[in-house]
Amino acid sequence: CKSEASGNIAGVTNSSSANYAVVSPVGRGTVEMIHQAPRLTTLEDKTIAVVGGSFMASVTHPEIKRLILEHYPSARVLLLDEIGSAGVYPAPGVVRRSKEEFQARLREQKVDAVIAGNCGCGLCTPKECGSCIAAEYIGIPAVAIAAPTFVGQVYYTSLNNGVPAPRVAEYPGAFALHTTEELIANTRNILWQRIVKALTDPISEQEINRHS
């Protein structure tokens, strides 16, 4: 960092140029990244968990289930009341029963993909994307649904918990400002394509490096 200053102090004119080194007292964090499982090639014949209860999920999630079954009739869809959720992903060394139980249910039900949301505030975002992180840790592709303002928080939360290439399906606007009709229309016409893309597009090295 270079600082240049000149001035008149107590009648003395000074002119100086100096270089300053700044050292942060906070060490660089090191998080061991997991190796994420390949994304799906199709949602056909797959079991998909659509979980979370924040920000109008009671409207968007049944519509997502309907769309999955409309486009992939052989798929099986489990909603929150059938599979639960992980909650906020625990810090290293911390055991959280909700996360352990959620992962156990994913295995028992042979879930192939997780869709979680809706991330629409600073408190609900870690809670909802925690289910995606928990799924990725046991080799299940996942995508978090988030309002534009909270997409970055999903990335940071996931990266800080060891997921190198988190997937987000961005909802076009603030959930709470939209009517039921608008939520359904946006889910059908915009969000749906983003969800499928997030679950089926392969993860590239460029994507991993972009967030590292």
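About the thresholds
Residues numbered from 1 in each chain as written. Predicted model: local features only at pLDDT ≥ 70, side-chain atom pairs only at ≥ 80, totals over all residues. Heavy atoms only, no water. Axes fitted to C-alpha atoms, helices over the stretch in contact; angles between N-to-C directions. Helix = DSSP H or I, 4+ residues; strand = E, 2+ residues; numbered from the N terminus. Parallel < 35°, antiparallel > 145°, perpendicular 65-115°, else oblique. Left-handed = near helix turned anticlockwise from the far one by under 90°. Contact = heavy atoms within 4.5 Å. Core = buried A, V, L, I, M, F, W, Y, C linked by side-chain atoms within 4.5 Å. Buried < 20%, exposed > 50% of the residue type's maximum accessible area, 1.4 Å probe, protein only. Pairing = 2+ DSSP bridges. 1 Å grid on protein atoms, 1.4 Å probe; cavity = no way out; pocket = protein on both sides within 12 Å on 5 of 7 lines; lining within 4 Å. Points joined across faces, edges and corners; volume = space filled by probe spheres on them. Phe/Tyr/Trp six-rings, centres within 6.5 Å; stacked < 30°, edge-to-face > 60°. Right-handed = clockwise from strand over helix to strand, strands pointing away.

*Asks:* How should the packing of helix 4 (residues 124-137) against helix 5 (residues 151-160) be read in this particular structure?
*Replies:* Angle between the axes and distance between the axes are the two parameters that describe a pair of packed helices. Between helix 4 and helix 5, the shortest axis-to-axis distance is 10 Å and the interhelical angle comes to 55°. With respect to helix 5, the axis of helix 4 lies oblique. Here helix 4 and helix 5 pass one another in a crossing that is right-handed. The residues of helix 5 that touch helix 4, namely those facing Thr 125, Pro 126, Cys 129 and Ile 133, are Gln 153, Val 154, Thr 157 and Ser 158.

*Asks:* So what exactly am I meant to see when it comes to the nonpolar core here?
*Replies:* Counting residues in each nonpolar core, the largest one holds 28 residues, and the members touching the most others are Leu 43, Val 50, Ile 68, Ile 115, Ile 145 and Ile 195. It is helix 6 (residues 180-200) that provides the largest number of residues to this core, a total of seven residues. Ile 83, Phe 102, Ile 140 and Ala 144 belong to the second largest nonpolar core, which has 26 residues in total.

*Asks:* Is there a simple way to think about the sheet that holds strand 4 (residues 76-79) in this case?
*Replies:* What holds strands together in a sheet is hydrogen bonding between their backbones, with the strands either parallel or antiparallel. Spatial strand order, 4-3-5-6-7: five strands in an open sheet with parallel pairing. With one partner strand each, in any of the chains shown, strand 4 and strand 7 (168-170) form the two edges of the open sheet. Taking each pair of neighbouring strands and ignoring which way they run, the sheet shows an average axis angle of 20°. Where strand 5 (residues 113-119) and strand 6 (residues 142-146) come together, four bridges link them in parallel fashion.

*Asks:* Any chance you could explain empty space enclosed by the protein here in plain terms?
*Replies:* In this approach the atoms are scanned with a rolling probe the size of a water molecule, which exposes any empty space left behind. Going through the model one piece at a time under the given rule, you end up with one cavity of 30 Å³ or more. Roughly 60 Å³ of internal volume is contained in the largest cavity. Around the largest cavity, the lining residues are Cys 129, Cys 132, Ile 133, Glu 136, Ala 142, Ala 144, Val 154, Ser 158, Val 163, Pro 166 and Arg 167. Among the elements of the structure, helix 4, strand 6 and helix 5 are those that each provide at least two residues to the lining of the largest cavity. The dominant element in the lining of the largest cavity, judged by the number of residues it contributes, is helix 4, at four residues.

*Asks:* Please clarify how the packing of aromatic side chains should be interpreted in this entry.
*Replies:* Between two aromatic rings, the relevant description is the distance of the centres plus the angle of the planes. Throughout the structure, instances matching the rule amount to four aromatic pairs. On the basis of an interplanar angle of 45° and a centroid distance of 6.4 Å, the ring pair of Phe 55 and Phe 175 is categorised as tilted. With a gap of 120 residues between them, Phe 55 in the loop between strand 3 (47-51) and helix 1 (57-71) and Phe 175 in the loop between strand 7 and helix 6 connect regions that are remote in the sequence. A residue is classified by how much of its surface remains accessible, and Phe 55, at 28% relative accessible area, is partly exposed. The buried category is assigned to Phe 175, whose relative accessible area is 1%. Among the aromatic residues, ring-to-ring pairing joins Phe 55, Tyr 171 and Phe 175 into one connected group.

*Asks:* When you look at the pairing of strand 5 in this model, what are you seeing that I'm missing?
*Replies:* Along a regular strand, successive side chains alternate from one face of the sheet to the other. Buried residues dominate strand 5, accounting for seven of its seven residues. One ladder, built from four bridges, connects strand 3 with strand 5; its direction is parallel. Pairing of Ala 49 across the sheet is with Val 114, part of strand 5. Taking the sense of rotation as the criterion, the β-α-β connection linking strand 5, helix 4 and strand 6 turns out right-handed.

*Asks:* I would appreciate a short explanation of the environment of Glu 181 in the present structure.
*Replies:* With respect to the element layout, Glu 181 can be found in helix 6. The class of Glu 181 is exposed, set by a relative accessible area of 59%. For Glu 181 and Val 59, which are 122 residues apart along the polypeptide, the C-alpha to C-alpha distance reads 9.3 Å.

*Asks:* Looking at this model, I keep getting lost on the environment of Ala 147. Mind explaining?
*Replies:* Along the chain, the position of Ala 147 falls in the loop between strand 6 and helix 5. Here Ala 147 falls in the buried class, since its relative accessible area comes to 5%. In sequence terms Ala 147 and Pro 172 are 25 residues apart; their C-alpha atoms lie 6.7 Å from each other.

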